Amino acid sequence: MSFLRRLHPLDWLAGGLLALGVLCVATGLLPHGPAGDVLQRIGPLVVFLATVIVLAELTGKAEVFDVVATWVARVGRGNYALLFLLCVVFASVTTITLNLDTTAVLLTPVMLALATRVGIAAVPLAMTTVWLANTASLLLPVSNLTNLLAADRVALAPSEMAATMWAPQLAAIAVTMACLWGFYWRPGRRGAVSYAPPAPPRPKDRVLFRVCAIACGGFLVALLLADVPLWSASMAAALVVVAAFAVRDRGALRPSLVPWRLLVLVPGMFLVVETVNAHGLHDVLAAAMGSDNDLVGMLRSAAVGAGFSNVLNNLPAYLAGEAAIPEANHHQLLAQLVGVNVGPVITPWASLATLLWFERCRWHGTRIEMRRFLGTGLVLSVAGTLAATLALAATT
C-alpha cells in the first residue's frame, strides 16, 4: 500500500493505459496479429527511449548541462537579447540531439536554477525550454518518438531526414523565437534590464564530466554519420557513461534512472490507439485529412495533427493519423509530423514533454499562469505549424 501511495498521477495514467491495452487484446477488441505487429514495431523505440534517458540523466548528474547553462549566461554578459539567443540555441540543440523529453526532464531544472543563481525571471527561461522542447523536435529521428515512426514509414536515414526537415525546423524555431520574445522576453515582460553573469563553472568530477560530454558527442556523430540503428547508438553511449559512473560514483546508479513510467506508457498507448483505430477513429481522421499529397492535403494533415494532439496527446495523434494517410503520401505524412511536433503547445497534456515540464516547474516553485500559457500557446501552435508546413511544401 505504501508503494501505491508513492505513485505519481502520471504513473497511474501509464499503468492504466497498459492495463487497458492488455484488456483490449485479451477480449479480442484488438486481434493478436495487429497487437503483435504493434509491439514488434515499438521494440526498438522502447530500447532507444530507455537508453537515451539513462544517458541524459547521468550526463546531467555529471554537470554537463549545468556547465553549458552557466557558460551560456556568462557569454551573455548581462545582455538579455544575447542571453535570449543563446538560450534558444541551447534548448534547440538539446532537443534535436538528445530528445524532447530530455529537454523537459533535465534542462528545465538547470535553466530554473540558473534563473535563481543570476537573479533573473524564471518564467521566460521556463517557457523557452518547454516550447523549444516541442517545436525544435523536427530535425532528426532521435528528437522525438514520432520522428522515429515517421522515418521508418518513409524510409529516411537520419541524414536524409535532416536534409528533408531543415527548412520546416528553421521556420518553427523562428516563429517560436518571435513568440517567446513578444510574450515573455521583451522589456516590460521579463522584469529586469540586465543580469549579473554567474561565476565560472567547476564540475565536481572532471573525469565524469569529460566522459559524459564525449559520450554524448559520440552519440551525435554516430547518429549523423554512421549507418547504425538508433537504439544501438544510444545503448553504446549509455553503456560508456554507466561504466564511468560504476568506477567513479557507483551510488548514482539506481533503478530510478530507468524511465519506467515511459516504458509502461508507450506500449499501453500504442495498443489502445490501435484498438480505437480499428473501431472508427481511422475513418474520421481519413475524412478530415483527405488523400491529397499536395499543399492543401499537407495543410489539412498538419492542422488535424496539431488539433488532435492538443485534445489528447501528440503520440496517439501521430499513430492514428499515420494509419489514415495513404502509404504513398510521404509529403502529407511529414506535414502531419509537423502538426504533432510543433502544434502540441496549447494544453498541458498535449505532449509528454510538457507534462514533465509542468512537474519540474511545480517542484521548483515556478508559477505558470494557465490562461497566459493557453493563449500564447495557441498563437504559437497556429503560426508555427503553418510556417513549418509551408516551408516543408516549398522545399519538397
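Look up: the structure comes first, before these words.
First, a word on what this report is: a plain description of the structure on this page. In this text, all values refer to a predicted model and were calculated from it rather than measured experimentally.

1. Notes on the side chain of T135
Move 1: Inspection of the secondary structure assignment puts T135 in helix 7 (residues 122-135).
Move 2: T135 gets classed as buried once you look at its relative accessible area, which sits at 0%.
Move 3: A distance of 2.9 Å separates polar atoms of two side chains, one belonging to T135 and the other to T176.
Move 4: Residues contacting T135, with those up to four places away along its chain left out, are Q169, A172, T176, N341, V342, V345 and L380.

2. Regarding the nonpolar core
Move 1: Ranked by internal contacts, the top residues of the largest apolar core, which has 135 residues, are L55, W131, W185, F219, F270, L337 and W357.
Move 2: Broken down by element, this core gets its largest block of residues, 13 residues, from helix 3 (residues 32-61).
Move 3: Apart from residues no more than four positions distant in its own chain, L55 is found in contact with L98, A215, C216, F219, A237, A238 and V241.

3. Let's talk about the state of the cysteines
Move 1: Taken as a whole, this structure holds zero disulfides when the rule is applied.
Move 2: With no disulfide of its own, C179 lies 17 Å from the sulfur of C87, the closest cysteine sulfur.
Move 3: The closest cysteine sulfur to the non-disulfide-bonded C212 is located on C216, 6.7 Å from its own sulfur.
Move 4: Residue C212 is classed as buried on the basis of its relative accessible area, which comes to 0%.

4. Structural notes on the packing of aromatic side chains
Move 1: Here the structure, examined in full by the defined rule, presents eight aromatic pairs.
Move 2: When the centroid spacing of 5.3 Å and the interplanar angle of 55 degrees are considered together, the rings of F84 and W185 count as tilted. One end of the pair, F84, is in helix 5 (residues 80-98); the other, W185, is in helix 9 (residues 158-185), and 101 residues separate them in sequence. Like W185, F84 is buried.
Move 3: With a centroid separation of 4.8 Å and 75 degrees between ring planes, the pair formed by W357 and F358 is classed as edge-to-face.

5. Some remarks on the packing of helix 9 against helix 17 (residues 370-395)
Move 1: Relative to each other, helix 9 and helix 17 sit at 155 degrees, their axes nearing to 8 Å. Considered as vectors, helix 9 and helix 17 are oriented roughly antiparallel to each other. Remark: the crossing between helix 9 and helix 17 carries right-handed chirality. Packed against helix 9, whose contacting residues are T164, M165, W166, A167, P168, A171, A172, V175, T176, C179, F183 and Y184, the element helix 17 presents R372, F373, T376, V379, L380, A383, G384, A387, A388, A391, L392 and T395 at the interface.
Move 2: Along the lines of polarity and charge, the residues of the contact of helix 9 with helix 17 split into 18 nonpolar, five polar and one charged.

6. With respect to the pattern of salt bridges
Move 1: Throughout the structure, instances matching the rule amount to two salt bridges.
Move 2: In this structure, the salt-bridge partner of R153 is E327, at a minimum N-O distance of 3.5 Å. Note that R153 is positioned in helix 8 (residues 145-154) and E327 in the loop between helix 14 (314-324) and helix 15 (330-342), a separation of 174 residues in sequence.
Move 3: We classify R153 as buried; its relative accessible area is 15%.
Move 4: A salt bridge links D205 to R248; the nearest nitrogen and oxygen atoms lie 3.2 Å apart. Of this pair, D205 sits in the loop between helix 9 and helix 10 (206-225) while R248 sits in helix 11 (residues 230-248), placing them 43 residues apart in sequence.

What counts and what doesn't
Residues numbered from 1 in each chain as written. Predicted model: local features only at pLDDT ≥ 70, side-chain atom pairs only at ≥ 80, totals over all residues. Heavy atoms only, no water. Helix = DSSP H or I, 4+ residues; strand = E, 2+ residues; numbered from the N terminus. Buried < 20%, exposed > 50% of the residue type's maximum accessible area, 1.4 Å probe, protein only. Polar contact = N/O pair within 3.5 Å; in protein donor to acceptor, adjacent residues only side chain to side chain. Contact = heavy atoms within 4.5 Å. Core = buried A, V, L, I, M, F, W, Y, C linked by side-chain atoms within 4.5 Å. Disulfide = S-S within 2.5 Å. Phe/Tyr/Trp six-rings, centres within 6.5 Å; stacked < 30°, edge-to-face > 60°. Axes fitted to C-alpha atoms, helices over the stretch in contact; angles between N-to-C directions. Parallel < 35°, antiparallel > 145°, perpendicular 65-115°, else oblique. Left-handed = near helix turned anticlockwise from the far one by under 90°. Nonpolar A, V, L, I, M, F, W, Y, C, P; charged D, E, K, R; others polar. Salt bridge = Lys/Arg side-chain N within 4 Å of Asp/Glu carboxyl O.

Nothing here speaks to function; it is geometry throughout.
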